[in-house]
Amino acid sequence: MHMTLDKRGSLQKALAFTIASMIVSISMLAGTTSAQDVIERPPLKPVSGPKANQVAFVIDDFGNNMEGTEEILALPVPLTVAVMPFLPSTKRDAELAHEKGHDVFVHLPMEPMKGKASWMGPGGITTKMSNEEIRKRVENAIDDVPHAIGMNNHMGSKATADERVMRIVLQVCKERGLIYLDSKTTARSVAQKIAKELGVPYLENGIFLDDVYTLSHITRQMERLCKRIDSKAGPVHIAIGHVGPPGKKTASVLSEYIPRIQKEASFVTISMLISNGMP
C-alpha cells in the first residue's frame, strides 16, 4: 500500500526531528558545549599583570571651591584627594572624590616655620596648643571630612618636627584607623619615627609637582618623576599636586603624561600601596 505524499512528508519530518534530538542528547552526555557556545569568537587578549612600578598622585587643597577641582577629578586614574576641613566645599569635594572611587584624606592644617597662622586655614594645629586642644582639633577635622581614610599635613614644617604634637596627631590616627602620609614639608619631620612606634600605616611624599605655579616648572617636575620611574630607583613613587592657583595647569600636565607613565607603571592610591604591603 502506497503512502500519500502528505503522510510521507510527515514521516520524513518526524525522522529528522528524532535524529536531531538524538544528536543533542549524545552531545550533552559527552559534555560538549551548546550551540550558542560554539559561535566563533575572537581570541581573548592576555590580561597584563600589575607593573613593577606604582605611582600615586596625591592632590591637596580640596575643600574651598578651588580652581582645577573639576579637571583633576575628571582624570582617568585613581587619585588620593586631600580635603581641608571646615571650608565651603569640604563635604561636597569629599563626596565627589569618594563617588569616583578615589581615596579621601584629611588635609590637616599645621603650623609652618614661616608665614602667618591665618595661612593654615581654619582648625589649624600649632605647637603652642595644649595636648587637649590638639587632640580635639584633630578629631574634629576627621569628623568634618566624609569618607576620610587617611591624613596628610597642609604646610606643617614646624608642627611635623615637634614630637609632642605629632605623637598626639598620630595617636588619633591610630585610634581612628587612618593612614598617615607625610607631605615632607621639612626634612626634620618626626612623623615616620612616631608612626613606626605607634604602628600607624605611614608613607611619605617623594616630589611636589607644582610648588611653582608655571607650566614649565610642573612639566620639569613630571620629567623628573618619569626619570625616577625609568631608572628603577624604586617601585613606589608618590607625587603631590594641588588644586587652586596651579590646579588647571597641573591637571593639564597630568593628563598629558598619564599615557606615558602607564607604559611603565600602575596608578594607585595611597591606601592601595598600604594594602600591597608598602613600604
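Since this is a predicted model, take the numbers as computed values, not measurements. Think of each chain on its own: its residues are numbered from 1, step by step along the sequence as written. At least 70 in pLDDT is required for a residue's local features to be given in this predicted model, at least 80 for side-chain atom pairs to be given and counted, and no such filter applies to totals for whole chains, interfaces and linings, which use all residues. Side-chain measures were taken over the full set of non-hydrogen atoms in the model, leaving aside hydrogen atoms and water.

### Here we look at helix H3 (residues 90-99)
Only protein chains enter the calculation, and the probe is 1.4 Å; a residue is then buried if its accessible area is under 20% of its type maximum, exposed if over 50%, and partly exposed in between. Counting from the N terminus, the helices are the DSSP runs of H or I reaching at least four residues and the strands are the DSSP runs of E reaching at least two. Where H3 is concerned, the buried positions are Thr90, Asp93, Ala94 and Ala97. For H3, the angular spread of buried residues about the axis comes to 100°, placing them on one side. Looking one or two residues beyond H3, the residue adopting positive phi is Gly101, at roughly 85°. Arc definition: directions from the helix axis to the C-beta atoms.

### Details of the side chain of Gln221
Turning to its location among the elements, Gln221 is positioned in helix H7 (residues 215-230). Throughout, a contact is declared for two residues whenever any of their heavy atoms are within 4.5 Å. The residues contacting Gln221, other than those within four sequence positions of it, are Ile207, Phe208, Leu209 and Asp211.

### Some words on the pattern of salt bridges
One speaks of a salt bridge when a side-chain nitrogen belonging to Lys or Arg is within 4 Å of a carboxyl oxygen belonging to Asp or Glu. Applying the stated criterion across every chain yields a total of 10 salt bridges. Ionic pairing is found between Glu197 and Arg167, a salt bridge with its closest N-O pair at 2.9 Å. With a gap of 30 residues between them, Glu197 in helix H6 (residues 191-198) and Arg167 in helix H5 (residues 163-176) connect regions that are remote in the sequence. A relative accessible area of 47% means that Glu197 is categorised as partly exposed. The network of salt bridges with common partners includes Arg135, Glu139 and Glu175.

### Details of the nonpolar core
What is meant by a nonpolar core is a set of buried Ala, Val, Leu, Ile, Met, Phe, Trp, Tyr and Cys residues, joined one to another through side-chain atoms within 4.5 Å. Phe57, Met151, Val169, Tyr180 and Ile261 are the most contacted members of the largest nonpolar core, which has 60 residues in total. By residue number, the principal contributor to this core is H5, which donates seven residues. Residues in contact with Val169, not counting those within four places in the same chain, are Leu108, Met110, Ile134, Val138, Met151 and Tyr180. Within the second largest apolar cluster, 12 residues are counted, among which are Ala56, Ala82, Val268 and Leu273.

### Some words on the packing of H5 against H6
Packed helices, taken two at a time, are described by their axes: the angle between them and the distance between them. Between N-to-C directions, angles span 0 to 180 degrees; the directions come from axes that are lines fitted to C-alpha atoms, helices contributing only their stretch in contact. Here H5 crosses H6 at 45°, and the two axes come no closer than 9 Å. One element, H5, and the other, H6, form an angle in the oblique class. Note on packing geometry: the crossing formed by H5 with H6 is right-handed. Of H6, the residues touching H5 (which contributes Glu163, Met166, Arg167, Leu170, Gln171 and Lys174) are Ala191, Lys193, Ile194, Ala195, Glu197 and Leu198. The cut-offs work like this: below 35 degrees is roughly parallel, past 145 is roughly antiparallel, 65 to 115 is roughly perpendicular, and the gaps in between are oblique. Handedness of a crossing follows from how the near helix is turned relative to the far one, being left-handed for an anticlockwise turn of less than a right angle and right-handed for a clockwise one.

### Quick word on the environment of Met113
Looking at the secondary structure, you find Met113 in the loop between strand S3 (103-110) and helix H4 (131-144). Overall, the relative accessible area of 58% leaves Met113 in the exposed class. Sequence spacing of Met113 and Ser157 is 44 residues, and the spatial spacing of their C-alpha atoms is 5.5 Å. In this view, Met113 contacts Ser157 and Lys158; residues no more than four positions away in its chain are not counted.

### Things to note about H7
Residues lying three or four places apart along an α-helix face the same way, a consequence of the helix completing one turn every 3.6 residues. Taking 1.5 Å per residue as the helical rise, H7 with its 16 residues ought to reach 22 Å, and the 22 Å between its terminal C-alpha atoms agrees with that figure. Regarding H7, the residues found buried are His217, Ile218, Gln221, Met222, Leu225, Cys226 and Ile229. Positive backbone phi, at 60°, marks Lys232, one or two positions downstream of H7. By this rule the span expected of a helix is its residue count minus one, scaled by 1.5 Å.

### Regarding the side chain of Thr80
Looking at the secondary structure, you find Thr80 in strand S2 (residues 80-83). Within 3.5 Å is the distance limit for a polar contact, defined as a pair of N or O atoms, with the added protein rule that one can donate a hydrogen and the other accept it, and that residues adjacent in sequence qualify only through two side-chain atoms. Within the local environment of Thr80, its side chain forms a polar contact with the backbone nitrogen of Ile270, the two atoms lying 3.0 Å apart. Those residues in contact with Thr80 that sit more than four places away from it in its chain are Phe57, Val58, Ile59, Asp103, Phe105, Thr269 and Ile270.

### A look at unusual backbone geometry
Positive phi is not limited to glycine here, since Asn65 has a value of about 50°. Mapped onto the elements, Asn65 comes out in the loop between strand S1 (53-62) and helix H2 (69-73).

### Remarks on the packing of aromatic side chains
Stacked, tilted and edge-to-face are the three classes applied to pairs of Phe, Tyr and Trp rings, where Trp contributes its six-membered ring and a pair requires centres within 6.5 Å; stacked means planes under 30 degrees apart, edge-to-face means over 60, and tilted covers the rest. Going through the model one piece at a time under the given rule, you end up with one aromatic pair. Relative to Phe267, the ring of Phe57 has its centre 5.6 Å away and its plane inclined at 35°; by these criteria the two rings are tilted. One end of the pair, Phe57, is in strand S1; the other, Phe267, is in strand S9 (residues 265-267), with 210 residues separating them in the sequence. Considered together, Phe57 and Phe267 belong to a single accessibility category, that of buried residues.

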